[in-house]
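Architecture at a glance
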Amino acid sequence: MHLIDVDHPLVAHKVRLLRDIETPSPLFRDLVAELVTLLAYEATRGVRVEETEVQTPLAVAKAVRLLDPRPLVVPILRAGLGMLDGMMSLMPAAEVGFVGMVRDEETLQPFTYAERLPQDLSGRQCYVLDPMLATGGSLGGTVQFLVDRGADDITCICLMAAPEGIEYLRTVVDPIGVPCTLVVAQIDDRLNEKGYILPGLGDAGDRLYGLAQ
Ligand SMILES: O=P(O)(O)OC[C@H]1O[C@H](OP(=O)(O)OP(=O)(O)O)[C@H](O)[C@@H]1O
Ligand SMILES: O=c1cc[nH]c(=O)[nH]1
Ligand SMILES: [Mg+2]
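About the cut-offs
Residues numbered from 1 in each chain as written. Chains lettered and ligands numbered in written order. Predicted model: local features only at pLDDT ≥ 70, side-chain atom pairs only at ≥ 80, totals over all residues. UniProt positions renumbered as here; feature names shortened; annotations may be inferred. Buried ≥ 20, exposed ≤ 12 C-beta atoms within 10 Å, placed from the backbone. Contact = placed C-beta atoms within 7 Å. Helix = DSSP H or I, 4+ residues; strand = E, 2+ residues; numbered from the N terminus. Near = placed C-beta within 6 Å. Nonpolar A, V, L, I, M, F, W, Y, C, P; charged D, E, K, R; others polar. Core = buried A, V, L, I, M, F, W, Y, C linked by C-beta atoms within 7 Å.

In the annotation of an unreviewed UniProt entry, the protein is listed under the name Uracil phosphoribosyltransferase and assigned to Propioniciclava tarda. On record in UniProt, under Function (unreviewed entry), the comment for the protein is "Catalyzes the conversion of uracil and 5-phospho-alpha-D-ribose 1-diphosphate (PRPP) to UMP and diphosphate." Taken from UniProt, the Catalytic activity (unreviewed entry) comment for the protein reads in full: "UMP + diphosphate = 5-phospho-alpha-D-ribose 1-diphosphate + uracil".

Some remarks on the UniProt feature "binding site: 5-phospho-alpha-D-ribose 1-diphosphate" (unreviewed entry) in the protein
Mapped onto this numbering, the UniProt entry gives "binding site: 5-phospho-alpha-D-ribose 1-diphosphate" (unreviewed entry) at Arg-78, Arg-103, Asp-130, Pro-131, Met-132, Leu-133, Ala-134, Thr-135, Gly-136, Gly-137, Ser-138 and Asp-203. Note on Asp-130: 28 C-beta atoms within 10 Å, which makes it buried. Leave out the neighbours within four places in its chain, and Asp-130 touches Ile-76, Ala-79, Gly-80, Ser-138, Leu-139 and Cys-158. Counting through the fold element by element, Gly-137 comes out in helix H4 (residues 137–148). If near-sequence neighbours (up to four positions away) are discounted, Gly-137 is found in contact with Arg-103, Leu-108, Gln-109 and Pro-110.

A short note on the UniProt feature "domain: Phosphoribosyltransferase" (unreviewed entry) in the protein
If you check UniProt for "domain: Phosphoribosyltransferase" (unreviewed entry), the listed places come out as residues 7–210 in our numbering. Within residues 7–210, the helical portion is 34% and the strand portion 31%, while the C-alpha atoms at the span's ends are 30 Å from each other.

Observations regarding the environment of Val-173
Counting through the fold element by element, Val-173 comes out in helix H5 (residues 163–176). C-alpha separation for the pair Val-173 and Val-147, spaced 26 residues apart in sequence, amounts to 9.5 Å.

Brief notes about the site of ligand 2
All residues in the neighbourhood of ligand 2 are listed as Ala-79, Met-132, Ala-134, Tyr-196, Ile-197, Gly-200, Asp-203, Ala-204 and Gly-205. Residue composition of the shell around ligand 2, grouped by class: six nonpolar, two polar and one charged.

Considering the site of ligand 1
Residues in close proximity to ligand 1 total 24 residues, the closest being Arg-78, Ala-79, Thr-135, Ser-138 and Gly-205. Class assignment of the residues belonging to the shell around ligand 1 gives a composition of 13 nonpolar, seven polar and four charged.

Section: unusual backbone geometry
Of the consecutive residues Leu-77 and Arg-78, the connecting peptide bond is found in the cis state with omega at -5°. For Arg-78, the location among the structural elements is in the loop between strand E4 (72–77) and helix H3 (84–90). Along the chain, Leu-198 connects to Pro-199 via a cis peptide bond; the corresponding omega equals -5°. One can find Pro-199 in the loop between strand E13 (197–198) and helix H6 (204–209).

Some details on the nonpolar core
If you look at the biggest cluster of nonpolar residues, it comprises 48 residues, and the most contacted ones within it are Val-128, Ile-157 and Cys-158. Once residues within four sequence positions are removed from consideration, Ile-157 is found in contact with Val-36, Leu-39, Ala-40, Ala-43, Met-83, Tyr-127, Leu-129 and Val-183.

Right, here's the structure in full:
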């Protein structure tokens, strides 16, 4: 697994605002979208393109266009949905598949309650979105879904990751042998006893959309 820890002062500035307990949901949502576009710039560096030409008003220029099949963006609901618009604004031609997962707060095991992915993902580049990589169960489970459908190139984009989650993801991804990149804005210190990232930002889904019952 290839790890990219994005080191950029604007990213760090926005992460501070995101962490702040005083940041209200509307601003939190805007910050998540802004951060995603900054991370996506790094994450899509390897997006597959083919050479073509374009007619300008003056001459023919060499150019590139996204290669088919188009990339697939996969937000992990709920919190990953907050990252979708920012990603799609950078890559509007991409398609979108959905995975809904929620952690059991006692066992910390993810429960899959929704899944809408293309049957055949062979030859597709997949971009998985989830702001938080804590134990890694949710992201690891999603990567496994994609690999089972034939995905052969996976990039995960997270805002915050715990070292424990990164190591767990490696144990899922490395034996599979599919190229996988993890792009993160911030690697935090550790998990607390309830599986929350420290210092983190709390529950990303709740901060985006309100308290879940
Ligand atoms: O790495 P893990 O230990 O699996 O934890 C991370 C998961 O927890 C959060 O989702 P949550 O289960 O709170 O669901 P939500 O997005 O609906 O709030 C987060 O968005 C990740 O999906
Ligand atoms: O810190 C954490 C861990 C899991 N899910 C979150 O939203 N935040
Ligand atoms: Mg949550």
